[in-house]
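Spelled out, the chains give:
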Amino acid sequence: MIVRILGEGRYDVPDADLPAIEQLDDVMVDAMARGDDGAFAAALADLITQVRHDGTLLAPDDVRTSELVVPHEGSTIEEVRALLAEES
Amino acid sequence: MVDLLASAEPVASADPVASDGPALDGRLATWSNAEPGSRATQLARGTTPDRAEQGQKNEDTGKAQSMSVLKRLSGIIQAKANRALDKAENPADMLDLSYEKQVENLQKVRRALADVATARKRLELQATQLQAQADKLQTQARQALAQNREDLAREALARRATLGEQLQQLGAQHEQVETQQQQLETTAQRLQTQIEAFRTRKETLKATYQASKAQADIGAAVSGISESMTDAGMTLQRAEEKINQMQARAGAIDELLETGALPDMLGTGGGDDIQRELDRTAASGQVDAELAAMKAELAGSGGGVGALPPPAAADAGTSTPATGAPAEPDARGGQDQGDEVR
């Protein structure tokens, strides 16, 4: 599974990591709903650590697209909301 | 029809193809006989498996899926990437457009890097200035205490505390700039590598794009590149926002440094009012000391006035007729003005 960390690049992450990634994703969603900046920052940091640790960084000329996109390291809830607002 | 597509909303282009179907199929036909479901086809239709799958899942499983931050971001980035490519009318154009965009992006990233470096230097300079001012206030507080002006010492320390907060915030901001700089440097390096690899690949692909296999390759190559470019664009935008915030803040701090931050104690506008007050207190203290010395001298020996040290003689000369009288209102005056502000 290809996971992109914005501002950093794409990682090929083992599928076995998916449940853990989804769980951190849920924590982020929940933290956003509650406006809990601390919990959000912690979950994002954990997520990025996990992707970097378990994943293999793809070469820049590898053209595969990513299935999941992780916000920039250090993003705040406000910044992620602004990114997501581009959906509509 | 391609123009219509290009001006369409991002979401519209990512939606299922039902209403746009015929036009898009027309465009596809001009491209190739790419198989439905191939990357090139998905690309041309402004959708990807991820996006399509996500839309499907959202409808099927509702809220939980649609709320995923990572999948929603993925959908957004793919939609943006596809929108960027909508302007291309054929695969060769798409390759060229893609290449131009990459080069353009790299230039933008390099400009942003220069901006970040400037912002960083400015922050460092300001931190030095704030620190110097804080040190000076500390010294002034000591001087004020030595002159028995606790009110002034308190004021100096209060201002020093304000500067301390500013310094702390500057430190946090400096960390942010470093992160921005790092991300932009990574982005620039990756774009550079990507551009070099893409330049050769694009010519090979253009030369062979008649073959349907190559069509799919072009779609794949371009959508992958486009995603990376979108990332670079978003990273760039974020960095620019941070730089703007930083510049606004730096402007505020410059202003603060200029005015000394602070309500002007003596209402004389600008300048270092604490220092002036200290100087005044010190001056009146000196007058007091000289007067005391003169009194002692007169009372003691009855000797000549010529024994006074020359500078004191000049200073004390005018006040000699009414011994002690002018000095006291002076000192009190300083005190009163200090109290007014408290």
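Attention in this report is confined to the structure presented alongside it.

Conventions used here
- Residues numbered from 1 in each chain as written.
- Chains lettered and ligands numbered in written order.
- Predicted model: local features only at pLDDT ≥ 70, side-chain atom pairs only at ≥ 80, totals over all residues.
- Heavy atoms only, no water.
- Contact = heavy atoms within 4.5 Å.
- Buried area = accessible area lost by both parts, 1.4 Å probe.
- Salt bridge = Lys/Arg side-chain N within 4 Å of Asp/Glu carboxyl O.
- Polar contact = N/O pair within 3.5 Å; in protein donor to acceptor, adjacent residues only side chain to side chain.
- Helix = DSSP H or I, 4+ residues; strand = E, 2+ residues; numbered from the N terminus.
- Expected span 1.5 Å × (residues − 1).
- Buried < 20%, exposed > 50% of the residue type's maximum accessible area, 1.4 Å probe, protein only.
- Arc of directions from axis to C-beta.
- Phe/Tyr/Trp six-rings, centres within 6.5 Å; stacked < 30°, edge-to-face > 60°.
- Lys NZ or Arg CZ within 6 Å of the ring centre and 35° of its normal.
- Axes fitted to C-alpha atoms, helices over the stretch in contact; angles between N-to-C directions.
- Parallel < 35°, antiparallel > 145°, perpendicular 65-115°, else oblique.
- Left-handed = near helix turned anticlockwise from the far one by under 90°.
- Nonpolar A, V, L, I, M, F, W, Y, C, P; charged D, E, K, R; others polar.

A few words now on the interface of chain A and chain B. Taken together, the contact pairs 37 residues of chain A with 35 residues of chain B. Summing both sides of the interface, chain A and chain B together bury roughly 3,300 Å²; the carbon and sulfur share of this comes to 54%. One salt bridge connects E79(A) with R238(B), and the closest N-O pair in it is separated by 3.1 Å. Applying the counting criterion to the chain A and chain B interface returns 16 residue pairs in polar contact (both at pLDDT 80 or more).

A separate point is helix α1 (residues 18-34) of chain A. Look at α1(A): 24 Å from first C-alpha to last across 17 residues, which is about the 24 Å you get at 1.5 Å a residue. Turning to α1(A), its buried residues are I21(A), L24(A), D25(A), M28(A), V29(A), A31(A) and M32(A). One side of α1(A) holds all its buried residues, which, seen down the axis, span an arc of 165°. In α1(A), those exposed residues whose orientation departs by more than 90 degrees from the buried face are P19(A), Q23(A) and A33(A). On its buried side, α1(A) packs onto α2 (37-54), β4 (68-70) and α3 (77-84) of chain A together with α7 (69-85) of chain B. Backbone geometry just after α1(A) places G35(A) at a positive phi near 70°.

Attention shifts here to the pattern of salt bridges. The tally for this structure, following the rule as stated, stands at 19 salt bridges over all chains. The residue K202(B) makes a salt bridge to D96(B) at a minimum N-O spacing of 3.0 Å. Residue K202(B) is located in helix α9 (residues 150-208), and its partner D96(B) is located in helix α8 (residues 91-146); the two are separated by 106 residues in the primary sequence. Look at K202(B) and you get buried, because its relative accessible area is 8%. Residue D96(B) is classed as partly exposed on the basis of its relative accessible area of 23%. Across the pair K108(B) and E104(B) runs a salt bridge, and its minimum N-O distance is 3.9 Å. Of this pair, K108(B) and E104(B) both sit in helix α8, four residues apart, which is roughly one turn of that helix. Residue classification places K108(B) among the partly exposed positions, given a relative accessible area of 35%. When salt bridges that share partners are traced, they join R4(A), E227(B) and D231(B) into one network.

Residues and elements named next belong to chain B. For the structure shown, the criterion picks out one aromatic pair over all chains. Between Y99 and F198 the ring centres are 6.5 Å apart and the planes differ by 10°, which places this aromatic pair in the stacked class. Here Y99 is found in helix α8, whereas its partner F198 is found in helix α9, with 99 residues between them in sequence. Judged by relative accessible area, which is 15%, Y99 ranks as buried. The positively charged end of K202 is found above the aromatic ring belonging to Y99, 4.9 Å away from the centroid.

Before going further, it helps to spend a moment on the side chain of S228(B). The topology assignment puts S228(B) in helix α10 (residues 212-259). Looking at S228(B), its side chain comes within polar contact range of the side chain of R4(A), at 3.0 Å. When residues no more than four places from it in sequence are discounted, the contact partners of S228(B) are R4(A), R10(A) and Q194(B).

Turning our eyes to something else, we now look at the packing of α3(A) against α7(B). α7(B) packs onto α3(A) with a crossing angle of 45° between their chain directions and a minimal axis gap of 10 Å. What the angle tells us is that α3(A) and α7(B) run oblique. The hand of the α3(A)/α7(B) crossing is left-handed. Every residue of α7(B) that contacts α3(A) at V80(A), L83(A) and L84(A) is listed here: V69(B), R72(B), L73(B) and I76(B). Looking at side-chain class alone, the contact of α3(A) with α7(B) contains six nonpolar, no polar and one charged residues.

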